[in-house]
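Now for the letters of each chain:
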Amino acid sequence: MKKTWICRRNIKNHGAGCFEATTKSSLHPEQEMFMMMKKAFILTGVSLALSACNLAPKYERPEVELPSSQFRHNKVSDTRAIQAASLGWKDYFADPRLHALIELALKNNTDLRTANLNVEQVRAQYAITRSVELPSLNGSAGATRSGNAQGVGNSFSVGLGISAFELDLWGRVRNSSEAALQSYFATAASRDSTHLSLISTVAKAYFNQQYALASADLAQRVLKTRQETYRLSQLRYRAGVISALDLREQEATIAAAQASYAEAVKNAELARNQIELLISQKIPDNLPAALPLSRQFKIRQLPAGLPSDLLLNRPDIIAAEHNMKQANANIGAARANFFPRISLTGSLGLGSPQLSNLFSSGSKSWSFGGSAGLPIFDWGSNSANLDAAKIAQQKTVVAYEAAVESAFREVSDALAARSALNAQYNANVTQSKAFADRLRLVRLRYRHGVSSSLDLLDAERSNYSASSNLLATELSLLENMADLYKVLGGGLKRYTHDTPDTAVQAASEAR
């Protein structure tokens with residue numbers, strides 16, 4: 001039998017319009033059809049074997065200079081301590097009211113919902129790209145009625161066919177699919193980064209609200225005390241013990257306390273608005289009661305671990321690495337464009353001029369064909385496309401290095417701030433207790449006429465300033481602990497023993 005790429009045979013001649021065989025064969029028609037389809041499958045298998053030829057550069061993680069030891073200021077030496085990435089946020093934050101707000105944010109926040117939709121969109125795009133790796137089977141059916149001077153004729157057909165299945169000899173299709181998969185992984189990791197940032201942002205907004213409420217409560221208590229002192233001073237003024245100047249001084253301190261209270265109320269409302277923006281709804285009235293600022297965390301000494309842990313725990317670094325892998329695959333696809341593309345088509349069906357004979361044994365038809373295309377002169381398009389892919393890959397390397405450097409700086413800054421804030425907080429506690437005791441003694445002396453009103457005013461100002469500084473330092477410490485938890489890669493799990501709900505894991509299983 002003469003070999004050819006394209007052949008077509010009708011099993012039975014049905015008159016005008018039938019197709020003549022382009023080759024002659026001694027085989028039975030059904031046997032010849034079987035042999036041709038067998039060759040098609042053999043060629044497909046050969047193409048899959050040859051697809052091992054991959055023109056993408058070998059991926060190697062860039063060398064980024066890492067600290068030789070644990071981060072400075074990280075004084076937690078217990079190697080059994082749970083790392084941030086393994087610590088669930090409900091096991092880190094203690095306030096049940098904050099837990100409820102974080103749950104609402106993870107459910108309703110528009111940024112996170114957009115990030116989730118981005119993951120699903122890229123996942124669908126990956127499924128589309130991956131489907132090209134396998135031949136697609138199409139069904140068809142048709143009916144035609146035509147006429148000429150000799151009469152009117154009908155033609156009916158049904159069939160199945162494979163259209164333009166590319167033999168991926170140089171890995172172009174496979175690299176395109178790999179690039180789409182790495183894009184999916186990177187998008188999923190970016191979603192996880194948004195997830196972590198959202199938890200930290202909600203926690204910090206909540207701390208600011210509780211700080212503002214505590215500041216308002218402090219200002220209100222100071223205002224009440226100063227008003228009581230002012231009433232006592234009025235009696236002393238009427239008795240001629242103190243002057244009008246002393247009275248005016250106390251009136252000024254009362255006005256200052258009123259201004260501080262108004263500012264704290266304003267800040268509490270602004271923090272409330274920020275929380276409602278993050279959870280995309282009004283704060284419900286049935287939330288649990290809030291805990292004091294001093295009881296917001298179950299774990300106050302969070303270990304940073306080894307510097308290399310960040311490469312595995314930070315979603316932004318993971319996303320940057322997947323972007324590098326995607327760029328590598330794009331280079332392989334761009335290189336494959338310089339080589340021939342070979343595509344196969346085939347069909348198997350039934351055809352007849354009479355609908356009643358469409359499924360008879362003599363109405364079978366088949367076809368098998370192939371085509372090859374080789375770029376000869378494209379005005380530099382393929383070369384420019386390869387150059388662009390290489391530059392894009394270099395940019396992803398730079399972005400990865402920047403992400404790693406930024407991560408280490410964030411962790412180092414947070415650890416340095418934690419060390420300083422702990423010392424500052426302890427000093428403020430001591431100072432606040434000392435000024436509170438001083439105010440108590442001065443107030444007793446003032447009531448017995450031993451201390452002057454100026455002594456009392458000075459003691460009240462000092463005590464209020466120390467208490468305010470203590471609250472502000474406590475807020476900074478709480479925000480630092482929330483930041484440290486985020487920059488160390490914590491926040492993807494609700495409880496420590498849960499499995500992280502990440503799209504990357506789901507993609508790995510679906511691959």
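Everything numeric in this text was worked out from a predicted model, so none of it was measured. (Residues numbered from 1 in each chain as written. Predicted model: local features only at pLDDT ≥ 70, side-chain atom pairs only at ≥ 80, totals over all residues. Heavy atoms only, no water.)

1. A closer look at helix α5 (residues 244-279)
Thought 1: The terminal C-alpha atoms of α5 lie 53 Å apart, and with 36 residues this matches the ideal 52 Å at 1.5 Å per residue to within 8%.
Thought 2: Just beyond α5, the residue with positive phi is S280, at close to 60°. (Helix = DSSP H or I, 4+ residues; strand = E, 2+ residues; numbered from the N terminus. Expected span 1.5 Å × (residues − 1).)

2. Digging into the environment of A180
Thought 1: The topology assignment puts A180 in helix α4 (residues 172-238).
Thought 2: Residue class for A180 comes out buried when judged on its relative accessible area of 14%.
Thought 3: Placed 50 residues apart in sequence, A180 and R130 show a C-alpha to C-alpha distance of 8.1 Å.
Thought 4: With residues up to four places along the chain from it excluded, the contact list for A180 reads V122, Y126 and T129. (Buried < 20%, exposed > 50% of the residue type's maximum accessible area, 1.4 Å probe, protein only. Contact = heavy atoms within 4.5 Å.)

3. Comments concerning the pattern of salt bridges
Thought 1: Per the stated rule, a full pass over the model turns up 17 salt bridges.
Thought 2: A salt bridge links E103 to R494, with the shortest nitrogen-to-oxygen separation between them at 3.1 Å. You can see E103 sitting in helix α2 (residues 96-108) and its partner R494 sitting in the loop between α9 (453-487) and α10 (503-510), a full 391 residues away along the chain.
Thought 3: Among the charged side chains, a network of salt bridges with common partners joins K90, E103 and R494. (Salt bridge = Lys/Arg side-chain N within 4 Å of Asp/Glu carboxyl O.)

4. Focus: the side chain of T473
Thought 1: Assignment of secondary structure puts T473 in helix α9.
Thought 2: A distance of 3.4 Å separates a polar atom in the side chain of T473 from a polar atom in the side chain of Q424.
Thought 3: Among the polar contacts made by the side chain of T473, one reaches the main-chain carbonyl oxygen of N469 at a distance of 2.9 Å.
Thought 4: Setting aside its immediate chain neighbours within four residues, T473 contacts L421, Q424, Y425 and N428. (Polar contact = N/O pair within 3.5 Å; in protein donor to acceptor, adjacent residues only side chain to side chain.)

5. Some remarks on unusual backbone geometry
Thought 1: We note that S280 has phi near 60°; this positive angle belongs to a residue other than glycine.
Thought 2: Within the secondary structure layout, S280 lies in the loop between α5 and α6 (309-313).

6. Here's the deal with the packing of α2 against α4
Thought 1: Running from N to C, α2 and α4 cross one another at 140°; their axes reach a closest spacing of 10 Å. For the element pair α2 / α4, the angle class is oblique. Read as a crossing pair, α2 and α4 show a hand that is right-handed. Between α2 and α4, the residues in contact are R97, L98, L101, I102, A105 and L106 and H195, L198, I199, V202, A203, Y206 and F207, respectively.
Thought 2: Looking at the contact of α2 with α4, its residues break down into eleven nonpolar, one polar and one charged. (Axes fitted to C-alpha atoms, helices over the stretch in contact; angles between N-to-C directions. Parallel < 35°, antiparallel > 145°, perpendicular 65-115°, else oblique. Left-handed = near helix turned anticlockwise from the far one by under 90°. Nonpolar A, V, L, I, M, F, W, Y, C, P; charged D, E, K, R; others polar.)

7. Considering the confidence of the model for the chain
Thought 1: Residues at a pLDDT of 70 or more form 73% of the chain, whose mean pLDDT is 79.
Thought 2: Mean pLDDT across the elements of the chain bottoms out in strand β1 (residues 7-10) (36) and peaks in α2 (96).
Thought 3: Long-range and interchain partners of residues 1-30, a stretch whose pLDDT sits below 50, account for 53 contacts in this model, where long-range means more than four residues apart.
Thought 4: Predicted confidence for residues 503-511 stays below pLDDT 50, and this span has 19 contacts to residues more than four positions away or in other chains. (pLDDT = per-residue confidence, 0-100.)

8. Observations regarding a nonpolar patch on the surface
Thought 1: A cluster of nonpolar side chains, namely I376, F377 and W379, defines an oily patch on the protein surface of about 520 Å² accessible area.
Thought 2: With respect to the element layout, F377 can be found in the loop between β5 (364-373) and α8 (381-447). (Patch = residues over 30% accessible without salt bridge, like charges linked within 9 Å, V, L, I, M, F, W, Y side chains within 5 Å. Areas by Shrake-Rupley, 256 points an atom, 1.4 Å probe, with all protein chains shown as cover.)

9. Let's talk about the nonpolar core
Looking at soluble globular proteins, one finds that nonpolar side chains tend to be buried together.
Thought 1: Residues F93 and F207 are the most contacted members of the largest nonpolar core, which totals 64 residues.
Thought 2: The set of elements that each furnish at least two residues to this core consists of α2, α4, α5, α6, α7 (315-336), α8 and α9.
Thought 3: Here this core takes twelve residues from α4, the largest share from any one element.
Thought 4: Not counting chain neighbours up to four residues away, the residues in contact with F207 comprise F93, L98, L293, Q296, F297, L475, L478, E479 and A482.
Thought 5: Counting residues in each nonpolar core, the second largest holds eight residues, with V119, V122, Y126 and L181 among its members. (Core = buried A, V, L, I, M, F, W, Y, C linked by side-chain atoms within 4.5 Å.)

10. What about the packing of aromatic side chains?
Thought 1: In the structure shown here, the tally under the stated rule is nine aromatic pairs.
Thought 2: Note on F93 and F207: the rings are 6.5 Å apart at their centroids and 50° apart in plane angle, and the pair reads as tilted. Taken together, the residues span a long stretch of sequence, with F93 in the loop between α1 (29-50) and α2 and F207 in helix α4 at a distance of 114 residues.
Thought 3: Look at F207 and you get buried, because its relative accessible area is 0%.
Thought 4: Ring plane angle 85° and centroid distance 5.8 Å describe the contact between F93 and Y485, whose orientation is recorded as edge-to-face. With F93 in the loop between α1 and α2 and Y485 in helix α9, the pair connects residues that are 392 residues apart, well separated along the chain.
Thought 5: Taking the relative accessible area as the measure of exposure, Y485 reaches 2% and is therefore buried.
Thought 6: Through pairs of rings, three or more aromatic residues link up here, namely Y92, F93, Y206, F207, F297 and Y485.
Thought 7: Across from the ring centre of Y464, 5.8 Å away, lies the NZ or CZ of R226, which sits over that ring. (Phe/Tyr/Trp six-rings, centres within 6.5 Å; stacked < 30°, edge-to-face > 60°. Lys NZ or Arg CZ within 6 Å of the ring centre and 35° of its normal.)

11. Comments concerning the packing of α4 against α8
The angle between the axes and the distance between the axes are what describe a pair of packed helices.
Thought 1: Across the interface, α4 lies against α8 with an axial gap of 12 Å and an inter-helix angle of 20°. With respect to α8, the element α4 is oriented roughly parallel. Where α4 crosses over α8, the handedness of that crossing is left-handed. Taken together, the residues of α8 that come into contact with α4 (itself represented by T225, T229, L232, S233 and R236) are R443, Y446 and R447.
Thought 2: For the contact of α4 with α8, the residue count by class is two nonpolar, three polar and three charged.

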